[in-house]
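An overview of the molecular structure
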Amino acid sequence: MKKINIKEKLSKLEEIASWFEKQKEVDVEEGLKRVKEGNALVKELRERLREVENEFEELKKDLD
Amino acid sequence: MQIEDAKNTNQPVDIILSVSEYLERLNLALGGEAGFVEGEIMGFKESPQWVFFSLKDEGKDAVLPCGLLAHEYRRIGVRIEDGMRIKIFGNPRITIKSGRFGMWVKSIEPVGEGSLKKAYELLFKKLQLEGLFERKWPLPEFITRIGVISSRDGVVLQDLRKNLAKLGLEIKFVHTQVEGANAVPGILRALEHFAKCSNAYDVIVIIRGGGSLESLQAFNNEEVARAIYAMPIPVIAGIGHDVDVPLAALVADGMASTPTAVAHMINSTWDTLVLDLPNLARDVERGMTDVIAGMYQRIELLQGRMHTYFTRLFRAFDLVAGRLRRSGERVGERIKAIREYILRTESLLTLSDPVRNLKLGYSLTFLNGEVLKSKKDAKIGDKLETRLSDGTVESEISIIRMNS
């Protein structure tokens, strides 16, 4: 499985978040689509971050 | 042969000698009189080629002229001046050319604390003037290969070993005498040995325990000081001392007064690894932890932002819906009001309905399609139409009367 690029995904999420902020009148359909996409990104990022964290914990054990 | 004969027979002989021959003969006789003489210096003179002085006894008129070549004086490595008490070793000799007698000095050793102190000060000034105490090479990082010059008889070597960190250090030990003025040649040889293979070492250590100025003479010797200064790799001097720091220590790149302190100095070159490494590791760990925590926070924040704005959208809907409901209610109220008005009007209308009056017995009379309201409009013979509640009747006017 290809490891996701945190930085890339994060900037995508950032983009979505700012999209909402930029809208004066949100297109609900479009908004929903983006929330869906954003939530998926959040989930992916959290999972990947958990992986990174676990890997880091392992390394920490090696150090001690 | 002639001289030997003279000696052997021990008889006055009639042999006439030339001046030089005679002086040679004297010198031969003096040859066996090499020895140590102790006295106080007077008339010290130094030229580029020669050094001259005299030794005298205290309180007695006795003077021994002494001399040596300037480079010998430098080699001996002890600075002297008038008033110092010294012990010299030398050969007595008469100079043929001048006929002057003198002691050719081979070694000089200050005698007594005062002289030793004086010699120390003289050399200190000289070396300081030359700037030999200024230059210090930094100790290399992670010292591993150590050349040690010391006496195997002392405990200093054990102290050094005991206090060196367990870092797999290699120690090459060269034994030499370290006590008194006689130690100079041995120390010089040891330094020379290490200078020749300096590539194999990170640092050279010269150590000995503390002692008096007298026992430390070799470490206040000019040659030793210069040899240490000239070493191609850093030298640490660990020489115990009381008041005056040995000159050998002053020219060394690092100095400590005990072998233990020398060991710590060497250990400290590993500090970056031994002490800083755990700190660095902790920094790395903390850094990464911060990065991960920050990342979680950022995702949280972005998600929050996104959701907040999306939720706000729904709130906007609610607002519109509320407005709609309220305006709906207003329309309803209006309709109700209209309905009530209609009802009210209806009842009013009902009250004034002519049909209702017809039923009560009233009737309407029309003349030519118009309601007849006055007798002035009618004349005899006009045809009238009268509307009743259930139909009409027609009639003809026959009489017109005025209301009385």
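Here is what the cut-offs are and how they apply
- Residues numbered from 1 in each chain as written.
- Chains lettered and ligands numbered in written order.
- Predicted model: local features only at pLDDT ≥ 70, side-chain atom pairs only at ≥ 80, totals over all residues.
- Helix = DSSP H or I, 4+ residues; strand = E, 2+ residues; numbered from the N terminus.
- Buried ≥ 20, exposed ≤ 12 C-beta atoms within 10 Å, placed from the backbone.
- Contact = placed C-beta atoms within 7 Å.
- Core = buried A, V, L, I, M, F, W, Y, C linked by C-beta atoms within 7 Å.
- Domains from an automatic or database assignment.
- Pairing = 2+ DSSP bridges.
- Axes fitted to C-alpha atoms, helices over the stretch in contact; angles between N-to-C directions.
- Expected span 1.5 Å × (residues − 1).
- Arc of directions from axis to C-beta.

A short note on the overall build of chain B
From N to C terminus, chain B includes 12 helices and 14 strands. Across the 404 residues that make up chain B, the buried fraction comes to 24%. Considering only contacts in chain B between residues 6 or more positions apart, those separated by 24 or more positions represent 62%.

Considering the interface of chain A and chain B
If you look at the interface, chain A gives 22 residues, while chain B gives 15 residues. Breaking the side of chain A that touches chain B down by element, the ones donating at least two residues are helix 1 (6–22) and helix 2 (28–63) of chain A.

Some remarks on the nonpolar core
Core analysis: the largest hydrophobic core is formed by 65 residues, its most contacted members being B:Val224, B:Ile228 and B:Ala248. Broken down by element, the residue count for this core peaks at six residues, all from helix 6 (residues 184–196) of chain B. Taken domain by domain, the makeup of this core includes at least three residues from each of domain 1 (2–110) and domain 2 (145–274) of chain B. Setting aside its immediate chain neighbours within four residues, B:Val224 contacts B:Gly77, B:Val184, B:Ile187, B:Leu188, B:Ala218, B:Phe219 and B:Ala248. Listed in part, the 10 residues of the second largest apolar core include A:Leu45, B:Ile299, B:Leu302 and B:Met306.

Thoughts on the pairing of strand 4 (residues 85–94) of chain B
Taken residue by residue, a regular strand's side chains alternate between the two faces of the sheet. Residue and element names in this part refer to chain B. Here strand 1 (residues 35–46) pairs with strand 4 via six bridges, running antiparallel. Pairing of glutamate 38 across the sheet is with lysine 87, part of strand 4. Bridge count for strand 4 against strand 5 (residues 101–110) is nine bridges, and the pairing is antiparallel. Bridging from a neighbouring strand, proline 92 pairs with methionine 103 of strand 5. In textbook terms, the turn of a hairpin is the stretch between consecutive antiparallel strands, and for strand 4 and strand 5 this stretch comprises six residues, one of which, glycine 99, has a positive phi near 75 degrees.

So, the sheet that holds strand 3 (residues 63–69) of chain B
All names here are of chain B. Strands sit in the order 1-2-3-5-4 around a closed barrel of five strands; the barrel is mixed. Within this sheet the neighbouring strands show an average axis-to-axis angle of 55 degrees, counted without direction. Where strand 2 (residues 50–56) and strand 3 come together, seven bridges link them in antiparallel fashion. Considered in strand 3, the bridge of phenylalanine 53 is made with cysteine 66. Taken strand by strand, helix 4 (residues 112–130) contacts strand 4 and strand 5, and its axis lies near 90 degrees from that of strand 5.

Focus on helix 1 of chain A
Residue and element names in this part refer to chain A. In a regular helix each residue adds 1.5 Å, so 17 residues correspond to 24 Å; helix 1 covers 24 Å between its end C-alpha atoms and thus fits that length. When helix 1 is considered as a whole, its buried residues turn out to be Leu13, Ile16, Ala17 and Phe20. Each buried residue of helix 1 sits inside an arc of 95 degrees when the element is viewed along its axis, so together they form one side. Away from its buried face, by an angle of more than 90 degrees, helix 1 presents the exposed residues Lys7, Glu8, Ser11, Glu21 and Lys22.

Quick word on helix 5 (residues 156–163) of chain B
Residue and element names in this part refer to chain B. Among all positions in helix 5, only Val156, Leu157 and Leu160 are buried. The arc that holds the buried residues of helix 5, viewed along the axis, is 100 degrees, so those residues lie on one side. Away from the buried face of helix 5 by more than 90 degrees, exposed residues Gln158 and Lys162 are located. Close packing links the buried residues of helix 5 with strand 6 (145–150), strand 7 (170–175), strand 8 (203–208) and helix 9 (259–268).

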